[in-house]
Amino acid sequence: MRNIGEIVDKNFVATLLDEMQRIGVERKSVRAIFIEGSALYLDHPGDIDFKVIVAWHNPKAEIGKAFRIKGYKVECTYYTLDEWNSVDKSRRIFYYITESPDMILVCGTDDGFKRYDVVKDRDLARKVLGFYDRYLFNAPPERVRARGGEEEYRMPQKRLWNFLLFAYKIMNGSLGLTAEQMREVQAAHDLKTSIEDHRALFESLQKEMGET
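Residues numbered from 1 in each chain as written. Predicted model: local features only at pLDDT ≥ 70, side-chain atom pairs only at ≥ 80, totals over all residues. Heavy atoms only, no water.

Some points on the environment of Ile33
Working step 1: Relative to the elements of secondary structure, Ile33 occurs in strand S1 (residues 30-36).
Working step 2: In this structure, the C-alpha to C-alpha distance between Ile33 and Val54, residues 21 residues apart in sequence, is 8.9 Å. (Helix = DSSP H or I, 4+ residues; strand = E, 2+ residues; numbered from the N terminus.)

Looking at the packing of aromatic side chains
Working step 1: Going through the model one piece at a time under the given rule, you end up with 17 aromatic pairs.
Working step 2: Their ring planes at 75 degrees and their centres at 5.5 Å tell us that Trp84 and Tyr116 sit as a pair that is edge-to-face. One end of the pair, Trp84, is in helix H4 (residues 81-85); the other, Tyr116, is in the loop between strand S5 (104-108) and helix H5 (122-137), and 32 residues separate them in sequence. Like Trp84, the residue Tyr116 is buried in the burial classification.
Working step 3: Through successive ring pairs, a cluster of aromatic residues spans Phe34, Tyr79, Trp84, Tyr95, Tyr96, Phe113, Tyr116, Tyr132, Phe137, Phe163, Phe166 and Phe202. (Phe/Tyr/Trp six-rings, centres within 6.5 Å; stacked < 30°, edge-to-face > 60°. Buried < 20%, exposed > 50% of the residue type's maximum accessible area, 1.4 Å probe, protein only.)

Focus: the nonpolar core
Working step 1: Of all hydrophobic cores here, the largest spans 70 residues; its most connected members are Met20, Ile48, Phe50, Trp84, Phe163 and Phe166.
Working step 2: Beyond its immediate sequence surroundings of up to four residues, Met20 is in contact with Val25, Val30, Ile33, Val52, Phe67, Cys76 and Tyr78. (Core = buried A, V, L, I, M, F, W, Y, C linked by side-chain atoms within 4.5 Å. Contact = heavy atoms within 4.5 Å.)

Points about the state of the cysteines
Working step 1: Under the defined criterion, the tally for this structure stands at 0 disulfides.
Working step 2: Between Cys76, a free cysteine, and Cys107, which holds the nearest cysteine sulfur, the sulfur-to-sulfur gap is 11 Å. (Disulfide = S-S within 2.5 Å.)

Thoughts on the pairing of S1
Working step 1: Burial within S1 is extensive, with 6 of its 7 residues counted as buried.
Working step 2: With 6 bridges connecting them, S1 and strand S2 (residues 48-54) associate as antiparallel partners. In the strand pairing of S2, Glu36 is matched with Asp49.
Working step 3: In terms of strand pairing, S1 meets S5 through 4 bridges, oriented antiparallel. Bridged to Ile33 within S5 is Cys107. (Pairing = 2+ DSSP bridges.)

Considerations on the packing of helix H6 (residues 160-172) against helix H8 (residues 199-208)
Working step 1: Packing of H6 against H8 leaves a shortest axis separation of 11 Å and a crossing angle of 45 degrees. The angle between H6 and H8 falls in the class oblique. Crossing of H6 over H8 shows left-handed handedness. Along its contact with H6, which presents Phe163, Leu164, Phe166, Ala167, Tyr168, Ile170 and Met171, the element H8 presents Leu201, Phe202, Leu205 and Glu208.
Working step 2: Tallied by class, residues from the contact of H6 with H8 come to 10 nonpolar, no polar and 1 charged. (Axes fitted to C-alpha atoms, helices over the stretch in contact; angles between N-to-C directions. Parallel < 35°, antiparallel > 145°, perpendicular 65-115°, else oblique. Left-handed = near helix turned anticlockwise from the far one by under 90°. Nonpolar A, V, L, I, M, F, W, Y, C, P; charged D, E, K, R; others polar.)

A few points about helix H2 (residues 10-23)
Working step 1: With 14 residues, H2 ought to run about 20 Å at 1.5 Å a step, and its terminal C-alpha atoms sit 20 Å apart, in line with that.
Working step 2: When H2 is considered as a whole, its buried residues turn out to be Phe12, Val13, Leu16, Leu17, Glu19, Met20 and Ile23. The buried residues of H2 occupy an angular sector of 160 degrees when the element is viewed end-on, so they sit on one face. Residues Lys10, Asn11 and Arg22 are exposed on H2 and point more than 90 degrees away from its buried face.
Working step 3: One side-chain oxygen at the N-terminal end of H2 lies 3.2 Å from the backbone nitrogen of Asn11; it belongs to Asp9. (Expected span 1.5 Å × (residues − 1). Arc of directions from axis to C-beta. Polar contact = N/O pair within 3.5 Å; in protein donor to acceptor, adjacent residues only side chain to side chain.)

Considering H8
Working step 1: Those residues of H8 not exposed but buried are Arg199, Leu201, Phe202, Leu205 and Gln206. One face of H8 carries all of its buried residues, which in axial projection span an arc of 165 degrees. Opposite its buried face, H8 presents the exposed residues Ala200 and Lys207, each directed more than 90 degrees away.

Here we look at unusual backbone geometry
Working step 1: Residue Lys70 is not a glycine yet carries a positive backbone phi of 55 degrees.
Working step 2: Mapped onto the elements of the fold, Lys70 is located in the loop between strand S3 (66-69) and strand S4 (72-79).
Working step 3: Taking relative accessible area as the criterion, Lys70 reaches 47% and is therefore assigned partly exposed.
Working step 4: Of note, the phi angle at Leu191 is positive, near 60 degrees, even though the residue is not glycine.
Working step 5: Looking at where Leu191 falls in the secondary structure, it is placed in the loop between helix H7 (179-189) and H8.
Working step 6: Taking the relative accessible area as the measure of exposure, Leu191 reaches 51% and is therefore exposed.

In structure tokens form, the structure reads like this:
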């Protein structure tokens, strides 16, 4: 959002802290809050997402709780600093690290916060591309039961915008996108294009990065 800094002002952040406190995320546990997600880039994101770095977790408070502030739907994801800084070594599906150089700090400090860079780190980029391979472009058409009875994860089509953000950064060799590329990202976010519309781009990245 071009005016995201005007929307997420001091009063917005104060309300967010109050809302988190209300559900059980103690204010003294909050180390940092960053704007993340589509609101960093798109004119019509639909909601505003935040990454919250906490000193300790309260799982009952953190899971599935959304807020409405200034008329915007607000969702948060919670990590300790150690969890975030080692997310690429964890079992999480961490495609969203592509956004980390662009995340905007609105509360606390970003000291020690790792800004993953898929443009400079080719091995990391291959891992992220692998997620889009398995869970988006070549995911089973329906959710299926994997070994052990666990349900296989499948990205919703909306995650195509995340792939395009990643792909264009890799193509450009830069964290910045062109105006035309941003229009494609917005169209994918708004479900105006399909996964198949961008399969050729995905396959060209696989070849370039030695994934095939």
